[in-house]
Amino acid sequence: MKLKILSVFLASLAVSTSASANLIQNGDFSAGFTGFSSEYTFTNSNLQPEGTYTVGSNPHDYHPLFVSVAGGNPMLIANGAPGNEQVLLGYTGAALASGNYAFSASVMNICCNVPFNGAPSTVLFQISQGGGPFATVASYTTNPPGDAGVSNFVTSVTPFFLQTGLFSFRIIDTVSAAAGNDFAIDNLSIDAAAVPGPIVGAGFPGLLMALGGLVVLARRRRATAA
Ligand SMILES: [Ca+2]
Ligand SMILES: [Ca+2]
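Residues numbered from 1 in each chain as written. Chains lettered and ligands numbered in written order. Predicted model: local features only at pLDDT ≥ 70, side-chain atom pairs only at ≥ 80, totals over all residues.

(A) Here's a closer look at the overall build of the protein. For the protein, the helix and strand inventory stands at 2 helices and 11 strands. For the protein, the sequential pattern of α-helices and β-strands runs α-β-β-β-β-β-β-β-β-β-β-β-α. Put simply, 75% of the contacts in the protein that link residues at least 6 apart link residues at least 24 apart. (Helix = DSSP H or I, 4+ residues; strand = E, 2+ residues; numbered from the N terminus. Contact = placed C-beta atoms within 7 Å.)

(B) Representation of the sheet that holds strand β6 (residues 122-128) within the structure. Pairing within the open sheet is antiparallel, and its 4 strands lie in the order β4-β10-β6-β7. With partners counted over all chains shown, the strands left at the sheet margins are β4 (87-95) and β7 (135-141), one partner each. Averaged over all pairs of adjacent strands, the angle between their axes in this sheet comes to 15°, without regard to strand direction. Relative to strand β10 (residues 165-173), β6 runs antiparallel, the two being bridged by 6 bridges. The residue bridging serine 128 from the neighbouring strand is serine 168, located in β10. (Pairing = 2+ DSSP bridges. Axes fitted to C-alpha atoms, helices over the stretch in contact; angles between N-to-C directions.)

(C) Looking closely at unusual backbone geometry. Cis geometry marks the peptide bond from cysteine 111 to cysteine 112, where omega comes out at 10°. Assignment of secondary structure puts cysteine 112 in the loop between β5 (99-109) and β6. A cis amide bond links proline 144 to the next residue, proline 145, at an omega of 5°. For proline 145, the location among the structural elements is in the loop between β7 and β8 (151-155). For asparagine 26, which is not glycine, the phi dihedral falls at a positive 60°. The residue asparagine 26 is located in the loop between α1 (2-13) and β1 (41-42) in this model. Of note in this structure, asparagine 181 is not a glycine but carries a positive phi near 55°.

(D) A look at the pairing of β10. As paired elements, β4 and β10 share 8 bridges and run antiparallel to each other. Note that in β10 the partner of leucine 89 across the bridge is isoleucine 171.

(E) Layout of the confidence of the model for the protein. Averaged over every residue, the pLDDT of the protein is 85; the share at 70 or more is 77%. Taken together, the stretch residues 8-18 has pLDDT below 50 and engages in 13 contacts with residues farther than four places along the chain or on a different chain. (pLDDT = per-residue confidence, 0-100.)

(F) Seen up close, the environment of asparagine 143. Relative to the helices and strands, asparagine 143 resides in the loop between β7 and β8. Owing to 13 C-beta atoms within 10 Å, asparagine 143 belongs among the partly exposed residues under this scheme. Residues asparagine 143 and asparagine 181, spaced 38 residues apart in sequence, show a C-alpha to C-alpha distance of 10.0 Å. Asparagine 143 has contacts with Asn109 and Pro120, leaving out every residue within four places of it along the chain. (Buried ≥ 20, exposed ≤ 12 C-beta atoms within 10 Å, placed from the backbone.)

(G) Inspection of the environment of glutamine 126 at higher detail. The topology assignment puts glutamine 126 in strand β6. Residues contacting glutamine 126, with those up to four places away along its chain left out, are Phe134, Ala135, Thr136, Val137, Arg170 and Ile172.

(H) How the structure looks around the nonpolar core. In terms of nonpolar packing, the biggest core is built from 43 residues, with Leu76, Ile77, Ile110, Phe183, Ala184 and Ile185 touching the most fellow members. Every element with two or more residues in this core is listed here: β2 (52-56), β3 (75-79), β4, β5, β6, β7, β10 and β11 (182-192). Per-element accounting of this core gives the leading share, 6 residues, to β11. Those residues within four positions of phenylalanine 183 in sequence are excluded, and the remaining contacts are Ala78, Gly80, Val107, Met108, Asn109, Ile110, Ser121, Val123 and Thr142. (Core = buried A, V, L, I, M, F, W, Y, C linked by C-beta atoms within 7 Å.)

(I) Quick peek at the environment of leucine 23. For leucine 23, the position within the fold is in the loop between α1 and β1. For the pair leucine 23 and alanine 95, spaced 72 residues apart in sequence, the C-alpha to C-alpha distance is 6.9 Å.

Right, here's the structure in full:
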């Protein structure tokens, strides 16, 4: 009986009790580029110049060599800016509670609709708080030509800590080549990391009781074995 209660308690430890909410509003670009800033040049028709961006569902609509993507899912489409690392997307959000967070997004190489050995794109997702330096929480390098049109799920390898309050998020591309280096991004998410949390209402006394139970069980087993 004690074993059963203990196992139920230990199982509950593995369930995160943090409320789940994406800290990046409009991270799926369903409201266009609303809520974001950019150092790239916006276009609603032509992504042929380097360093331009738009929000759309089909890259081919904006460049004759970009891949065709079916469906009407809006995403951020960019022709990577050569030269210095301009901010493709900047966002200011707020963490309601300090703790560990996880990032995820999808990244697609969009060059080209014919096999093209152009440059890849290395996309960095970065966060800063309190005016400090930006730290990279996730990154992805495309792999042309074979991955053109393939959406890749990207996530932070380890959780990162956010203090309660404002944070700055940005996306940059560190590849300076012009030919190729074209990509799309979607489903930006920063959410509480799914780490073990204490069961609500049990707290430290509950944990002590469980550990005490373990000790008792261990002693009994030793006594039986001896
Ligand atoms: Ca989307
Ligand atoms: Ca390009």
